[in-house]
Amino acid sequence: MSKTTSQENRPQRLLLSSVFGPFGVDDAYGRKENIMELFHNQVTKAQEMGSWRFQHRSFGLYFLAVNINADVTVLDFPTRKRFMRELKKGYDVVGISFITPNFVKAKEMARLTRQISPESTIVLGGHGAAIDGVEHLIDCDHVVKGEGIRWLRSFLGQDPDVPFVHPTLSIAERQAIFGVPFPGPGANLLVPGVGCVNGCKFCCTSHFFGRRYTAYLSTGKQVFDTAQRIADERGIDEFFIMDENFLKDHQRAQDLLAEMERHQRYFTFQLFSSAEAVTAFGVGNLVRLGVNFVWIGFEASGRKGNFEKNKGIDAKRLTKELRDRGIIVLASGILCQEHHTQENIQTDIDFLVGLEADLVQFMLLTPLPVTALYQDHRRRGLLRQDLPFEEWHGQKYLTFRHPEFPGDSAEKWIMAAFRKDYEVNSSSMYRVVETVFRGYRHLAALPRRDACLEVRMQQFRRRTLQYAGILPLVTRYAVNEIERARAMALDREIVKLFGEPSMKERLRRFIMLALAMRWKLRCRFFGDGIQPSTIVTKFKSDAKNIAAVSSTIVPSPSVKEPLETASRKAAVASHG
Ligand code: B12
Ligand code: SF4
């Protein structure tokens, strides 16, 4: 730790970079299981052609860039070579964002920075910064453990308390299922705050931010105003709320609903929330708020593997109630917990499969640095010091010694769990179409609807018709006869209610089939790996408004298919 920056000697040019690719391959810096895709990595990975494919930018970097007054280049998903080229431009500060499994990449980037741009101050941030003694393991000047915006502002001699600016970004890029791109640009990203007060022992997002919630948008009005601005800029009224437990602040969510009703502007939201917060807010209120997707950590069935947030919750009933109202449920569970044995683990897998959620995430219990679980395992000498950080991604090995799950047995259980959910409950795409249709029927059956519910019903109708187009592909690539029969029956029911598809819709379905066949061939001959493109976004310091002035996307060398959708979106997305 050496260099500092004061107001007199303020750096003007910053490079903020994510770690370099390729991702999800076995090489000196990473592992093939560590894929840079949320669902294909840990939710729909066993669902073959029907796996949900999309990529997320390294959002934290854009949040930092738009909230400081400096010339900033954000380099997202660079190659190692591209990062080296950028370093030659001689930045005052090089900020590297990384998570634990990407430790080696961050270390290599710091080494390259010292070599190519020795004058630069190196700042490390992101969840990898929580690694014990990282300041000694990586040659750097500063390590930011926790919230970064206020830290960076102070570091640059700027006022940490000036109003927060929310960047305008798409939640995901290159979204596709069965090789068919999702129609239209992705939902908008909304980050009302970071952290969670619940402090579940394994949860690094809660512990990393000091078991506190740091609100960027603390009132319902602020959330609404920000959402309105972003929606107007991007022309999309749908948001993914990247907040660990959005409904925990009951009042803010209620006020947001009141603002939407007052302005008659009915956004829709996808969000993470704990079961207790969902229950306290009420499923009916969720429908009014326009929540169409909720990610809930049910974790396990019995009391042993559960947490305060699930106390007294009937997970199966709650899941059904949500799906009956048209809300897509992602149920998340943790395997190989300390109480699990070869004999009882199947009970928890069956519990999670038996919830009949739309999507299920299975994760191996991973004591990540900074969590209470990590401290506990360290104290008890359970942590696997021999396992390099590249393996700390939660999909293959346990990072602690568990007598019941030696060697690669954890991976066998997790793969079997994903497969079982797929075979029993069919593809997530099938389930999602069914849920949305259920939501429409529920509202249509009400004797009375006010203006808000009328809009919600029309939204369900539109989405049912849009999603139904994929049912022929679900049928064609079904995992078994049960799914085939289910998909055909659902298609018939939708036709019965809304009529036969139009000529235009038939043409759309034909094109989707052609794209799916192309994707199948691509997977057979080249594998199903997709590397994110390198995205370079420049932000100019500007007294009035800090905005991205340019954005370029460089296809990664191994990507074969066209990237124009991503590039169009990025150009729109980068005006902060
Ligand atoms: C989006 C996301 C992803 C995206 C990645 C996008 C990308 N381009 O990297 C996807 C879905 C692909 C993904 C994948 C994985 N992820 Co992920 N992901 C997230 C998620 C949900 C949101 C991150 C986010 O944008 N937050 C909002 C922004 C504003 O916050 P932030 O990133 O933390 O940034 C703030 C500070 O950390 C800090 N900061 C961040 N970077 C920097 C840099 C500098 C220089 C400074 C000063 C400050 C700073 O300032 C920011 C503002 O306060 C988090 C959970 C969460 N809610 O945070 C997990 C999380 C980061 N992922 C995690 C993990 C483990 C993974 C995976 C290994 C999969 C898995 N098994 O869970 C893979 C790895 C993929 C790979 N090859 O690297 C862990 C990290 C754990 C750890 N201790 O390292 C988290 C915390 C989830 C968890 N398990 O609790 N992930
Ligand atoms: S409720 Fe969810 S976000 Fe909050 S601490 Fe527990 S696991 Fe983490």
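Residues numbered from 1 in each chain as written. Chains lettered and ligands numbered in written order. Predicted model: local features only at pLDDT ≥ 70, side-chain atom pairs only at ≥ 80, totals over all residues. Heavy atoms only, no water.

1. What about the environment of E147?
For E147, the location among the structural elements is in the loop between β6 (142–143) and α6 (149–155). Its relative accessible area of 17% is what places E147 among the buried residues. Each C-alpha atom, one on E147 and one on P501, is 50 Å from the other, the two residues being 354 residues apart in sequence. For E147, the contacting residues outside a window of four places in its chain are V194, F209, T214 and Y216. At a separation of 3.1 Å, a polar atom in the side chain of E147 contacts the main-chain amide nitrogen of I149. (Helix = DSSP H or I, 4+ residues; strand = E, 2+ residues; numbered from the N terminus. Buried < 20%, exposed > 50% of the residue type's maximum accessible area, 1.4 Å probe, protein only. Contact = heavy atoms within 4.5 Å. Polar contact = N/O pair within 3.5 Å; in protein donor to acceptor, adjacent residues only side chain to side chain.)

2. What about a nonpolar patch on the surface?
A cluster of nonpolar side chains, L507, F510 and I511, forms an exposed patch at the surface whose accessible area comes to about 330 Å². As for its position among the elements, I511 is in helix α20 (residues 503–526). (Patch = residues over 30% accessible without salt bridge, like charges linked within 9 Å, V, L, I, M, F, W, Y side chains within 5 Å. Areas by Shrake-Rupley, 256 points an atom, 1.4 Å probe, with all protein chains shown as cover. Salt bridge = Lys/Arg side-chain N within 4 Å of Asp/Glu carboxyl O.)

3. Thoughts on the site of ligand 2
As a structural note, the neighbourhood of ligand 2 is formed by C196, N198, G199, C200, F202, C203, S206, E244, N245 and K309. Looking at the shell around ligand 2 residue by residue, the class counts come to four nonpolar, four polar and two charged. (Near = heavy atom within 4 Å. Nonpolar A, V, L, I, M, F, W, Y, C, P; charged D, E, K, R; others polar.)

4. Describing the sheet that holds strand β9 (residues 188–190)
An order of β9-β12-β13-β14-β15-β16 is seen for the six strands of this open sheet, with the pairing classed as parallel. Two strands lie at the open edges of the sheet, namely β9 and β16 (359–364), each paired on one side alone. Averaged over neighbouring strand pairs, the angle between their axes works out to 20 degrees when direction is ignored. Alignment of strand β13 (residues 268–272) against strand β14 (residues 291–299), held across four bridges, turns out to be parallel. Looking at the pairing, L271 lines up with V294 of β14. Each of β14 and β15 (328–335) touches helix α12 (residues 315–324); the most contacted strand, β14, lies at about 170 degrees to it. (Pairing = 2+ DSSP bridges. Axes fitted to C-alpha atoms, helices over the stretch in contact; angles between N-to-C directions.)

5. Some remarks on the sheet that holds strand β8 (residues 180–181)
Strands pair in a sheet through their backbones, by hydrogen bonds, and they do so in one of two ways: parallel or antiparallel. Strand order in the open sheet formed by three strands is β2-β7-β8, with antiparallel pairing between adjacent strands. Two strands bound the open sheet, and with one partner strand each, they are β2 (53–55) and β8. Here β2 pairs with strand β7 (residues 173–177) via two bridges, running antiparallel. By the bridge assignment for β7, R53 is matched with A176.

6. Focus: unusual backbone geometry
The omega torsion of the bond from G21 to P22 falls at 5 degrees, within 30 degrees of zero and hence cis. Relative to the elements of secondary structure, P22 occurs in the loop between β1 (13–17) and α1 (38–42). Not every positive phi belongs to a glycine, and R174 is a case in point at roughly 55 degrees.

7. With respect to the pattern of salt bridges
Note that side chains of opposite charge can pair when their charged atoms are close. One pass over the structure, following the stated rule, counts 48 salt bridges. With a closest N to O distance of 3.3 Å, D358 and R323 form a salt bridge. Separated by 35 residues along the polypeptide, D358 in the loop between α13 (345–354) and β16 and R323 in helix α12 bring together distant segments of the chain. By the burial criterion, D358 is buried, and R323 matches it. Residues joined by salt bridges that share partners form a network here, namely K320, R323, D324, D358, E434 and R438.

8. Concerning the site of ligand 1
Near ligand 1 lie 40 residues; those nearest to it are S58, T100, N102, E244 and H393. The side chain of S97 places a nitrogen or oxygen atom 2.7 Å from a nitrogen atom of ligand 1. Contact between ligand 1 and Y216: an oxygen atom at 3.0 Å from a side-chain N or O atom of the residue. Taken domain by domain, the makeup of the shell around ligand 1 includes at least three residues from each of domain 1 (13–165 + 534–573) and domain 2 (187–420). (Domains from an automatic or database assignment.)

9. Comments concerning the pairing of strand β4 (residues 93–97)
The buried count for β4 comes to four of five residues, which makes it a mostly enclosed element. As paired elements, β1 and β4 share four bridges and run parallel to each other. In the strand pairing of β4, L15 is matched with V94. Between the parallel pair β4 and strand β5 (residues 121–125), the chain is carried across by helix α4 (residues 103–116), and the sense of this crossover is right-handed. (Right-handed = clockwise from strand over helix to strand, strands pointing away.)

10. Some details on the domain arrangement of the chain
Where interface size is quoted, it is often the accessible area lost as the parts come together. Splitting the chain by domain gives domain 1 (13–165 + 534–573), domain 2 (187–420) and domain 3 (426–498). Using only C-alpha atoms to locate each centre, domain 2 and domain 3 end up separated by 25 Å. Opposite the 22 residues of domain 2 that make contact, domain 3 presents 20 residues. Approximately 1700 Å² of surface area, both sides summed, lies buried where domain 2 meets domain 3, with 53% of it carried by carbon and sulfur atoms. Among the residues domain 2 hides against domain 3, the three largest losses belong to Y266, R288 and R323. Together they make up 35% of the total. Our count for the contact surface shared by domain 2 and domain 3 stands at three salt bridges. Split by residue class, the side of domain 2 that touches domain 3 holds ten nonpolar, four polar and eight charged. (Buried area = accessible area lost by both parts, 1.4 Å probe.)

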